[in-house]
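# Results of the structural survey
One-letter residues, chain by chain:
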Amino acid sequence: MIFLLRFPKNLRFSEKQESRCSFLRKRGIHQVGLWVCECRCGASVTSFGNSRLESDTWNLSNILCPCRGPSSPIAKALCSWKDYYEWRCIPLQSPVSLLLHWPLTVYHSIQLAGLGSLTSEISKLCIHYLGPEKELLQLAVFGELRALFPGVFVQIELIGPAVPHHRDGDKIDLHSYAHCIEQDCDCRYKNENTSCSIGHTSSAVTLQLHRGYYHERFLDISKDSHPHLVIAPNAGIAAYASWLPTIELIKEINVPAVFSDYCEEACNLAACCINAVTNQPPRLPIQLNPFRQPMVVEDSLLHLPCYSNCFLFAM
Ligand SMILES: [Zn+2]
Ligand SMILES: [Zn+2]
Ligand SMILES: [Zn+2]
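Cut-offs used in this document
- Residues numbered from 1 in each chain as written.
- Chains lettered and ligands numbered in written order.
- Predicted model: local features only at pLDDT ≥ 70, side-chain atom pairs only at ≥ 80, totals over all residues.
- Heavy atoms only, no water.
- Core = buried A, V, L, I, M, F, W, Y, C linked by side-chain atoms within 4.5 Å.
- Buried < 20%, exposed > 50% of the residue type's maximum accessible area, 1.4 Å probe, protein only.
- Helix = DSSP H or I, 4+ residues; strand = E, 2+ residues; numbered from the N terminus.
- Contact = heavy atoms within 4.5 Å.
- Donors = N, O, S within 2.8 Å, 3.2 Å for Na, K, Ca; no water.
- Tetrahedral: all angles 85-135°; square planar, octahedral: opposite > 155°, others 65-115°.
- Pairing = 2+ DSSP bridges.
- Axes fitted to C-alpha atoms, helices over the stretch in contact; angles between N-to-C directions.
- Parallel < 35°, antiparallel > 145°, perpendicular 65-115°, else oblique.
- Nonpolar A, V, L, I, M, F, W, Y, C, P; charged D, E, K, R; others polar.
- Left-handed = near helix turned anticlockwise from the far one by under 90°.
- Phe/Tyr/Trp six-rings, centres within 6.5 Å; stacked < 30°, edge-to-face > 60°.
- Lys NZ or Arg CZ within 6 Å of the ring centre and 35° of its normal.
- Arc of directions from axis to C-beta.
- pLDDT = per-residue confidence, 0-100.

We now examine the nonpolar core. Formed by 62 residues in total, the largest nonpolar core has its most connected members in Trp58, Tyr84 and Phe142. No other element matches the 8 residues that helix 5 (residues 97-112) contributes to this core. Discounting residues that sit within four places of it in the chain, Trp58 has contacts with Ile29, Leu34, Trp35, Cys65, Pro66, Val96, Leu99, Leu100, Val141, Ala178, His179 and Cys180. Counting 27 residues, the second-largest nonpolar core is a separate cluster that includes Ala232, Val255, Ala257 and Met315.

On the protein side, the zinc ion (ligand 2) has Cys67 (SG), Cys180 (SG), Cys185 (SG) and Cys187 (SG) as donor atoms, found 2.3 to 2.4 Å from it. Each of the 4 donor atoms bound to the zinc ion (ligand 2) contributes to angles spanning 106 to 117°, and the resulting shape is tetrahedral. When the donor residues of the zinc ion (ligand 2) are listed from N- to C-terminus, their spacing reads C-x112-C-x4-C-x1-C. Accessibility classification places Cys180 together with Cys187 in one group, the buried group.

Before going further, it helps to spend a moment on the side chain of His179. Mapped onto the elements of the fold, His179 is located in the loop between strand 3 (171-174) and helix 7 (190-195). A relative accessible area of 9% places His179 in the buried class. Not counting residues up to four positions away in its chain, the partners in contact with His179 are Asp56, Thr57, Trp58, Asn59, Cys67, Cys187 and Arg188.

This part covers the sheet that holds strand 7 (residues 284-288). Strand order across the open sheet formed by 8 strands is 3-4-2-1-5-6-8-7, with mixed pairing between neighbours. Only two strands of the sheet have a single partner each, and these edge strands are strand 3 and strand 7. On average, adjacent strands in this sheet sit at an angle of 20° to one another, irrespective of strand direction. Note: strand 1 (residues 124-130) against strand 5 (residues 229-232), 3 bridges, orientation parallel. Along strand 5, the bridge assignment pairs Ile127 with Leu229.

To continue, consider the packing of helix 8 (residues 214-222) against helix 9 (residues 243-253). For the pair helix 8 and helix 9, interaxial distance at closest approach is 9 Å and the crossing angle is 40°. Regarding the angle of helix 8 to helix 9, the classification is oblique. Residues Tyr214, His215 and Phe218 of helix 8 lie in contact with helix 9, whose contacting residues are Pro245, Thr246, Leu249, Ile250 and Ile253. Of the residues belonging to the contact of helix 8 with helix 9, the class tally is 6 nonpolar, 2 polar and no charged.

Among the 8 residues that make up strand 4 (residues 204-211), 7 are buried, leaving the element largely enclosed by the rest of the structure. Direction of pairing for strand 2 (residues 153-160) relative to strand 4: parallel, over a ladder of 8 bridges. Among the inter-strand pairings, Gly160 is bridged to a residue of strand 4, identified as Arg211. With 4 bridges connecting them, strand 3 and strand 4 associate as antiparallel partners. In the sheet register, Lys171 faces strand 4, and the bridge partner there is Gln208.

In the contact formed by helix 9 and helix 10 (residues 264-278), the axes pass within 10 Å of each other and the chain directions differ by 55°. Between helix 9 and helix 10, the interaxial angle falls into the category oblique. Between helix 9 and helix 10 lies a crossing of right-handed hand. Counted together, Leu244, Ile247, Glu248 and Lys251 of helix 9 and Ile274, Val277 and Thr278 of helix 10 form the full contact between these two elements.

Turning our eyes to something else, we now look at the packing of aromatic side chains. Summed over the entire model, instances satisfying the criterion amount to 11 aromatic pairs. On the numbers, 5.4 Å between centres and 80° between planes, the contact of Tyr214 with Phe218 is edge-to-face. Here Tyr214 and its partner Phe218 are both found in helix 8, 4 residues apart, which amounts to about one turn of the helix. Of the residues examined, Phe218 reaches a relative accessible area of 8% and is grouped as buried. A cation sits over an aromatic face here: Arg88 above Trp87, 5.5 Å from the ring centre. The ring of Tyr177 carries the charged tip of Arg88 above its face, separated from the ring centre by 5.2 Å.

Take helix 8 next. Of all the positions in helix 8, only Tyr214, Arg217, Phe218, Ile221 and Ser222 are classed as buried. For helix 8, the angular spread of buried residues about the axis comes to 130°, placing them on one side. Exposed side chains of helix 8 directed beyond 90 degrees from the buried face belong to Glu216 and Leu219.

What follows deals with the confidence of the model for the protein chain. Summing up the model confidence of the protein chain, the mean pLDDT is 87 and the portion of residues at 70 or higher is 85%. No element of the protein chain has a lower mean pLDDT than helix 1 (residues 2-5), at 36, and none a higher one than strand 5, at 98. Residue range residues 191-201 is modelled with pLDDT below 50. Its contacts to residues more than four positions away, or to other chains, number 18 contacts.

Given below as structure tokens:
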């Protein structure tokens, strides 16, 4: 299958013979912490409102995960997982890309939308993040945006129907990276102080949760945060009619919006739906996301291999 050949071998975990469960189990991260909803077992116990399941721990040794700031600033735009792993000095066999595809897809979308140079000029970056689901149990991984956008205050509004009622309006300040498993590692105390000094070149990430659809909540949210970018990961535009009024809104506010999906065909269908509303070709054509989750989705109903955040395009 040509599709599969386009994936770099060393960064594609889990060939068909190995299940997600067994992959995670071998690494001591099955059904723990941030990994809980990464296999079928988690899917059944997972309710996004269950804060017992929230975690800020990688459950990995500090050699295998980015629990502290980078040892060197980003020298050039990162274009692949290999670039990222090398920059963060993490061995390629580390499974962290299975969770870091969320913040890295945000990073890549900023670059694609031509906002990369903007981030060195502005002090605050506002992102409207539509339709979070699993992310709600993995929010700590967005702390990595501190390393990706040094010196920038990143404010992300996460808006979607999967945000539980009792979390609506919750604000989460990520002033540290997700922790490693080591009890005596720097990440346990060092991050805390260095990052909370606002006004210096420190960076910080703030997340706020909003329940509902974007077109219902936009007026509310945009009072405090007019977005530089809208991003809708794994959107399924063609599958949910509720996207139509949201697309109309995005067209009206004229903010660059990046959509991703599990496979190329879903993006094709999405682009058709969007075109029917905007009468315009996409700002950016459908393309493979170098920061897709490098492990195949197991419960896919399609025969094609599907990956989280696999393809993306922009309107
Ligand atoms: Zn499992
Ligand atoms: Zn650590
Ligand atoms: Zn803290």
